[in-house]
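Residue-level listing of the chains:
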Amino acid sequence: MRKLIVLALTCALVLSFGATVGAKVLKLALDADPKTLDIQEQLSGGTLQFSHWVFDPLVRYRQDMSFEPRLAEKWERIDDLTVRFSLRKGVTFHSGNPFTAKDVKFTLDRFNNSPDFKGLFEPFAESVIVDDFTIDIKTKKPYPLMLNMMTYVFPMDSIYYTGTDDQGKPKDALLKVGYTYAKTALPSGTGAFRCIYREHGVKMLLSRYTDYWDKGSPGNVTEIILAPIKEEATRVAALLAGDVDFIMPVPPQDFARLKKDKKVELFTYTGGRIITVQMNQNRLEPLKDARVRQAIVYAVNNAGISKKIMKGTATVAGQMSPKGYYGYKESLVPRYDLSKAKKLMKEAGYAKGFEATMIAPNNRYVNDEKIAEAFVSMVSKIGIKINLKTMPKAQYWDEFDRQPADFQMIGWHSDTEDSGNFYEYLLMCPGKETGYGQYNSGNYCNPKVDELTLACQSETDLEKRAMMLQEIEQIIYDDAAYIPFHWQNHSYGVKKGVKAQAIINTLNFPYLGDLVVE
Amino acid sequence: MFAFIVRRIIQSIVVMLVISFIGFSVQHNIGDPVRDMVGERVSVEEREAIRDKLGLNDPFWTQYIRFVGNAAKGDLGTSYFHSKPTLQVILSKAPATLELVLVSSIIIILLTFPIGIYSALFPRSLFSKIVMGFSTIGVAVPVFLTAIVLIYIFGVELNWLPAYGRGETVNIWGWETGLLTWDGLRHLILPSLSLSSIMLPLYIRLIRSEMMEVLETEYIKFAWAKGLNKNRVWLVHAFKNTLLPVVTVFGVEIGILFAFTLLTETVFQWQGMGFMFLEAVERSDTALLVAYLMVVGGMFVLINTVIDVIYGFINPMVRIAGAK
């Protein structure tokens, strides 16, 4: 019965959209809708996008990657381990409950129950509430990335998510499998939009929260109808047909079409996900030789891949860190030079080349399979014959861990938006005990890189830290520790009049609360 | 009839056991469901802990026997992705698929019978020739191409019909139907046309050739000789005898229609079982996969049983043979 009422209300709501004067409805089509309503259950782009619409973080990134105060108004470091945050007053949750420091602590504590977030929040110690609007957030060791991490903290309504639900289960439960309250109940956040209806995988309705604290927001969208459209061609067709107003992502093969069409506009923004191929030194003897690895990097025309395969939807990379990150070093550019590559191969004693194997996913990154194929044909020019196998992501990661091939593709986005994360997971010496280099299937191991990366983790002098990060970037560049391809761009297709340019960013979290529609 | 049904039930139990076994063996090669549940960066230990909790680390036979035991009680497991009982997930998606197949079947019947009969009766007419020409091409065009072309023509260029989704649906006793709203019907047109397109050409050809064959038989000649009205000869004597093989094929073909809903539903973001299945494969939601195989397997057994019964009514000879 309740379901019926909800449905009737929804229908009434949908129908009334057209009738209400001044209402701005945004029909939004994503490749997939958020997997869960419990924003702490899954660490994924989709969940974080949703968090930015229905919740608000303590701080968030601006387009230039500086920090913008949101629910935290001010902060100051009071000692090596503590940063004191002053919280915004007069903010209410969608349930009507007031927002206080208790909610921040509740949210931080709850991360510890989440398998996905637990690791990221490992550096943090128990936070201390000073008063209703002041909280001391502490770390176990001096920690330079405090603010980066606060972009993940979307305070949840502690009153709403405490107690027991009608099934007698605790409301704050966080489980990966099976029912929990937070997963199914409509969320209570402080964000610009309330989630008022959700049919998983089919539709979600967001309605502007009338008591939203940010009165300065230019956003004028009053309702969002969110529907997933998985099939790329259909998603584009829906935009061109006018069935939806905003799509993301846009498949590269349709960029030209969107640019040509006068009814729609295309926006792209450089992202932070680097696509690389790792060369497994433990499996293949020649790859132990830095000259061979350099030769391979020199043989790869990654600029050509960005242009021809990615159709300009990627920014060609010569290093791990995208521009704007502390580790980014202007001088580390892509190095395509086939004759130099041949020379290096000769020097290393492999003028005739060798045979190797490679695996790559075929539905994880944009055009991953095509990139792998292009790579194979490029290195064949220096005599390396690669036997390539591609597979869907569902199978890929287990294979990746087993390291059955000499070359393995991996894309990486730094969770902390900081260079250190790349080195820690992809380039530090892999070790079961240390837990570092967890995705370093190239088995590249350089004690200097390890030492610097670890030092960066607790260096709070940001300038000094940047120097160290750039030093690492230089070492792995010279060592040719991996093969860089490009950073994927984010892409958005919108109907004319949807001012998307102002709300998109490197993180692929379009701030729809601030979106202006004419 | 009773013996027939009992035998059918026993047969179907065996079939279901075989399906469950195959499904269960396959799932181990499809990928690790835990991988998709957690973020990409979650540690091996965390994943192992979740696997243990889900019983995914138990030996194959333990898992299989547990599954069959639960299935016998009507519990087909819990979907890893949806966090709901799989049966509930499948049943909530079933109306969309069933309506799509139903409307496609109606389109097929409404179009193929008149066209097939016409082109059998007047094989030399221009219309028949055009139809035959198109059907040759039609057989060769894959369904997703038809679908995309239809979307671009009617959705994007002409802007007559919506390009994706089911549109507005009405809930009637738990059945989400799109058949009762104007918007829902508009959304149905392109997907059902695409889906029926895989069988239209084949079916027109089948009916045509069967009909032509029947028209050559002795009893039709006799009917003519008796001086019967031509409509009676065509529609009662000839057409009725054309039906038998056509119905048999239709039974099998409904299965194929279901199989092709996978593609059609994906292209149109049609929230049915086929779409759900492909997503489950991508997410290695193995519990949902096996449950889907069981449900669809069960449905096939049911459809074939019904077809056999209908068969018996059309041609009593089959019933006698089946009852021995």
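Residues numbered from 1 in each chain as written. Chains lettered and ligands numbered in written order. Predicted model: local features only at pLDDT ≥ 70, side-chain atom pairs only at ≥ 80, totals over all residues. Heavy atoms only, no water.

### Some details on helix α12 (residues 273–282) of chain B
Residues and elements named next belong to chain B.
Piece 1. Summarising burial for α12: seven of the ten residues are buried, a large majority.
Piece 2. Of the residues making up α12, those classed as buried are M273, G274, F275, M276, F277, E279 and A280.
Piece 3. Backbone geometry just after α12 places S284 at a positive phi near 45 degrees. (Buried < 20%, exposed > 50% of the residue type's maximum accessible area, 1.4 Å probe, protein only. Helix = DSSP H or I, 4+ residues; strand = E, 2+ residues; numbered from the N terminus.)

### Structural notes on the sheet that holds strand β4 (residues 72–79) of chain A
All names here are of chain A.
Piece 1. Overall, antiparallel pairing links the four strands, which are arranged β4-β5-β7-β6 in an open sheet. At either end of the open sheet lies a strand with only one pairing partner, and these are β4 and β6 (128–131). Adjacent strand axes in the sheet meet at a mean angle of 25 degrees, parallel and antiparallel pairs treated alike.
Piece 2. Where β4 meets strand β5 (residues 82–87), six bridges bridge the pair, whose relative direction is antiparallel. Within β5, the residue paired with E76 across the bridge is R84.
Piece 3. Its contacts with the sheet place helix α3 (residues 101–111) against β5, β6 and β7 (134–138), and it is angled at close to 25 degrees to β7. (Pairing = 2+ DSSP bridges. Axes fitted to C-alpha atoms, helices over the stretch in contact; angles between N-to-C directions. Contact = heavy atoms within 4.5 Å.)

### Details of the pattern of salt bridges
Piece 1. Counting across every chain of the model gives 25 salt bridges over all chains.
Piece 2. K140 of chain A is the partner of E122 of chain A in a salt bridge, and the nearest nitrogen-oxygen pair spans 3.4 Å. Of this pair, E122 of chain A sits in the loop between α4 (115–118) and β6 while K140 of chain A sits in the loop between β7 and α5 (146–150), placing them 18 residues apart in sequence.
Piece 3. The salt bridge involving D401 of chain A is made with R47 of chain B; its shortest N-O contact spans 3.4 Å. Of this pair, D401 of chain A sits in helix α13 (residues 393–402) while R47 of chain B sits in helix α3 (residues 44–54), each in a different chain.
Piece 4. R47 of chain B gets classed as buried once you look at its relative accessible area, which sits at 7%. (Salt bridge = Lys/Arg side-chain N within 4 Å of Asp/Glu carboxyl O.)

### Describing the state of the cysteines
All names here are of chain A.
Piece 1. Taken as a whole and judged by the stated rule, the model has one disulfide over all chains.
Piece 2. In this model C429 forms its disulfide with C445; the gap between the sulfur atoms is 2.0 Å. One disulfide, between C429 and C445, carries an S-S torsion of 90 degrees and so falls in the right-handed class. Separated by 16 residues along the polypeptide, C429 in the loop between α14 (419–427) and α15 (447–457) and C445 in the loop between α14 and α15 bring together distant segments of the chain.
Piece 3. Given the relative accessible area of 45%, C445 is considered partly exposed.
Piece 4. C456 takes part in no disulfide bond, and the closest cysteine sulfur to it belongs to C429, at a distance of 15 Å. (Disulfide = S-S within 2.5 Å.)

### Section: the packing of helix α6 (residues 126–140) of chain B against helix α9 (residues 200–215) of chain B
Packed helix pairs are specified by the crossing angle of their axes together with the interaxial distance, meaning the distance between the axes.
Residue and element names in this part refer to chain B.
Piece 1. Two elements in contact, α6 and α9, have axes separated by 8 Å at closest approach and are oriented at 130 degrees. By the angle between their axes, α6 is oblique relative to α9. Handedness of the α6/α9 crossing: left-handed. Across the interface between the two elements, V131, M132, S135, T136, G138 and V139 of α6 pack against P201, L202, I204, R205 and R208 of α9.
Piece 2. Looking at the contact of α6 with α9, its residues break down into six nonpolar, three polar and two charged. (Parallel < 35°, antiparallel > 145°, perpendicular 65-115°, else oblique. Left-handed = near helix turned anticlockwise from the far one by under 90°. Nonpolar A, V, L, I, M, F, W, Y, C, P; charged D, E, K, R; others polar.)

### Regarding unusual backbone geometry
Piece 1. The residue after M248 of chain A, namely P249 of chain A, is reached through a cis peptide bond having omega -10 degrees.
Piece 2. The topology assignment puts P249 of chain A in the loop between β11 (246–248) and α8 (255–260).

### A few points about the domain arrangement of chain A
Residue and element names in this part refer to chain A.
Piece 1. Along its sequence, chain A is organised into domain 1 (2–51 + 161–269 + 490–514), domain 2 (59–150) and domain 3 (270–489).
Piece 2. Domain 1 puts 34 residues into the contact, and the matching count from domain 2 is 23 residues.
Piece 3. Summed over both partners, the interface of domain 1 with domain 2 buries about 2,500 Å², with 54% contributed by carbon and sulfur atoms.
Piece 4. When the buried area of domain 1 at its contact with domain 2 is split by residue, Q40, L43 and W213 rank highest and sum to 28% of it.
Piece 5. Our enumeration of links across domain 1 and domain 2 arrives at three salt bridges.
Piece 6. Residue R70 pairs with D214 through a salt bridge whose shortest N-O separation is 3.2 Å.
Piece 7. If you look at where domain 1 meets domain 2, you find 20 residue pairs in polar contact (both at pLDDT 80 or more).
Piece 8. Counted by class, the side of domain 1 that touches domain 2 contains 17 nonpolar, nine polar and eight charged residues. (Domains from an automatic or database assignment. Buried area = accessible area lost by both parts, 1.4 Å probe. Polar contact = N/O pair within 3.5 Å; in protein donor to acceptor, adjacent residues only side chain to side chain.)

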